[in-house]
Amino acid sequence: MAKNANDKSVQFLYGTTFGRILLHIILFLHVPALLGFVLRTPLSKLYISSFIKKNKIDMAGFENIKFKSFNDFFTRKKEIHYDSEKTHLISPADSLLSIYKITDDAKFHIKGFDYTLEDFFDAKRFGLDSEEIKKDFKDGICLVFRLCATDYHRYCYVDSGSQNGNHFIKGSLYSVQPLAAENFRLYTKNRRSWTIITSENFGKIAQIEVGAFSVGGIKNRIETGSFKKGEEKGYFDLHGSTIVLLMQKDSIKIRNEIETVASSGEEYRVKIGEYIAEQLQAVEK
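Reading the values: the criteria
Residues numbered from 1 in each chain as written. Predicted model: local features only at pLDDT ≥ 70, side-chain atom pairs only at ≥ 80, totals over all residues. Heavy atoms only, no water. Helix = DSSP H or I, 4+ residues; strand = E, 2+ residues; numbered from the N terminus. Buried < 20%, exposed > 50% of the residue type's maximum accessible area, 1.4 Å probe, protein only. Polar contact = N/O pair within 3.5 Å; in protein donor to acceptor, adjacent residues only side chain to side chain. Contact = heavy atoms within 4.5 Å. Phe/Tyr/Trp six-rings, centres within 6.5 Å; stacked < 30°, edge-to-face > 60°. Lys NZ or Arg CZ within 6 Å of the ring centre and 35° of its normal. Core = buried A, V, L, I, M, F, W, Y, C linked by side-chain atoms within 4.5 Å. Pairing = 2+ DSSP bridges. Axes fitted to C-alpha atoms, helices over the stretch in contact; angles between N-to-C directions. Arc of directions from axis to C-beta.

Draft legend 1. Representation of the side chain of Asp-151 within the structure. In this fold, Asp-151 is placed in the loop between strand S5 (141-147) and strand S6 (154-156). What makes Asp-151 buried here is its relative accessible area of 8%. A distance of 2.8 Å separates a polar side-chain atom of Asp-151 from the backbone nitrogen of Cys-148. When near neighbours in sequence (up to four residues on either side) are disregarded, Asp-151 contacts Asp-94, Ser-95, Arg-146 and Arg-269.

So, in C-alpha cells, the structure goes:
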C-alpha cells in the first residue's frame, strides 16, 4: 500500500494559483524539453550518484557499468522475472497501481474527472468507430500504473498475444502525480501512445503509455506482430510516467489484497512481472 504523496514542487505548481500560472509558462517555454536535452548530455553524469543515494535505488547488477548520461542510467535494462502462469495477468511495470470501473456508457472517473474512451483514444483523429470502442470496453476495468522517477522505466507485455500498430498522440508534459491529476485532465492532455492488444487469455486489452514532465519519448519495441508474456514492450525516457490498461468486462478478477487497498482509494505498489489479477474463467471453475 502506498500513500498518494506529491513532491513539494508539484504541490506548489499544481496546488496554488501562482504555481499554475508559472507551470503554463514553463510548458510554453518548452522547459521540459530543454531539461530532457541536458539530461542526455555527458555533463548530466554528475547527477547520477546523488540521485541514486537520495532515492536509495538498488543498483545490484549495475555496479560496474559506466553510464554515458543520466538518461543512459535512467533507461538502464535489467533481467526481469515474471509470473508465467497463463491465467495470471502481470504488472507491466514497477509502479503504483490504482483501479477504476468503466461504466456501461464507457466512462471512467479518475481523480475528480470523467473520461470517455473516445477522448482517451482521440478517436476522431484516428478515424475510429466510437461505438466499437464502447462495445469492447464498457463495464470493464481501468488499471492505472503510475511510475515514479525512482522506478525502473522499462515495461513488459502482460500476456502473450499480438498487436496491430501503435498510435502516438503528441500532447503536453504535465506531472502524473496525484495532485496534478486532480487539477488537469492528464489522460487526454498528456503525450501518449496506445495500442490494442489481442491477448491469448484476457481478450482485448488497450494499453496506453502516458508521458510526463521531462519525459522525452515513449519508445515501443514493435509496431505490429506477436509477442510473449514478459517480453519488453518498450521504455520511457526520463522521470515519472504512467501506463493505463483497459480490460474488457468479465476478463479478470483482481488479487484480493490489491482490490482491498484500491477500493479504499490508495495506490498499491507492484513490481514488473508480478501477478496482479487472474483470468475470471479460471476463478469460476
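We are not done yet, so read on.
Draft legend 2. A look at the packing of aromatic side chains. This model, assessed by the stated rule, comprises eight aromatic pairs. Judged by centre distance (3.6 Å) and plane angle (5°), the rings of Tyr-157 and Phe-227 are stacked. In this pair, Tyr-157 sits in the loop between S6 and strand S7 (161-164) while Phe-227 sits in strand S12 (residues 224-227), placing the two residues 70 residues apart along the sequence. Each member of the pair, Tyr-157 together with Phe-227, is buried. Grouped by ring-pair contacts, the aromatic residues Phe-51, Phe-67, Phe-70, Phe-73 and Phe-74 constitute a single cluster. Above the plane of the ring of Tyr-235 lies Arg-154, whose end atom (NZ or CZ) is 4.5 Å from the centre. Taking NZ or CZ as reference, Arg-255 lies 5.8 Å from the ring centre of Tyr-275, over its face.

Draft legend 3. How the structure looks around the nonpolar core. Ranked by size, the top nonpolar core spans 35 residues in total, and within it Leu-89, Leu-143, Met-247 and Ile-252 carry the most contacts. Among the elements that make up this core, the one with the highest residue count is S5 (four residues). Excluding its chain neighbours within four sequence positions, the residues that come into contact with Ile-252 are Leu-89, Ile-141, Leu-143, Phe-202, Met-247, Ala-277, Glu-278 and Leu-280. Listed in part, the 18 residues of the second largest apolar core include Phe-137, Cys-142, Ile-169 and Ala-206.

Draft legend 4. Spatial organisation of the pairing of strand S17 (residues 275-279). Where strand S1 (residues 88-90) and S17 come together, three bridges link them in antiparallel fashion. Bridge assignment links Leu-89 to a residue of S17, and that residue is Ala-277. Both strand S15 (residues 252-254) and S17 contribute to a ladder of three bridges, which runs antiparallel. Looking at S17, one finds that Ile-252 is bridged to Gln-279.

Draft legend 5. Spatial organisation of the sheet that holds S6. Pairing within the open sheet is antiparallel, and its three strands lie in the order S6-S13-S11. Each end of this open sheet is capped by a strand with a single partner; those strands are S6 and strand S11 (218-220). In this sheet, adjacent strand axes meet at a mean angle of 20° when their direction is disregarded. Where S11 meets strand S13 (residues 232-236), three bridges bridge the pair, whose relative direction is antiparallel. Bridge pairing links Asn-220 to Gly-234 in S13.

Draft legend 6. Main features of the environment of Ser-241. Tracing the sequence through the fold places Ser-241 in strand S14 (residues 241-247). Exposure remark for Ser-241: the relative accessible area of 0% places this residue in the buried category. Taking the C-alpha atoms as reference points, Ser-241 and Ser-95, 146 residues apart in sequence, are found 9.2 Å from one another.

Draft legend 7. Local environment of helix H10 (residues 256-263). Within H10, burial applies to Ile-258, Val-261 and Ala-262. Taken down its axis, H10 places every buried residue within 100° of arc, on the same side. Facing away from the buried side of H10 by more than 90 degrees, the exposed set consists of Asn-256, Thr-260 and Ser-263. Those residues of H10 hidden inside the fold are in contact with strand S2 (95-101), S15, strand S16 (268-270) and S17. Just downstream of H10 lies Gly-265, where phi reads positive at about 90°.

The analysis is restricted to geometry; functional conclusions fall outside its scope.
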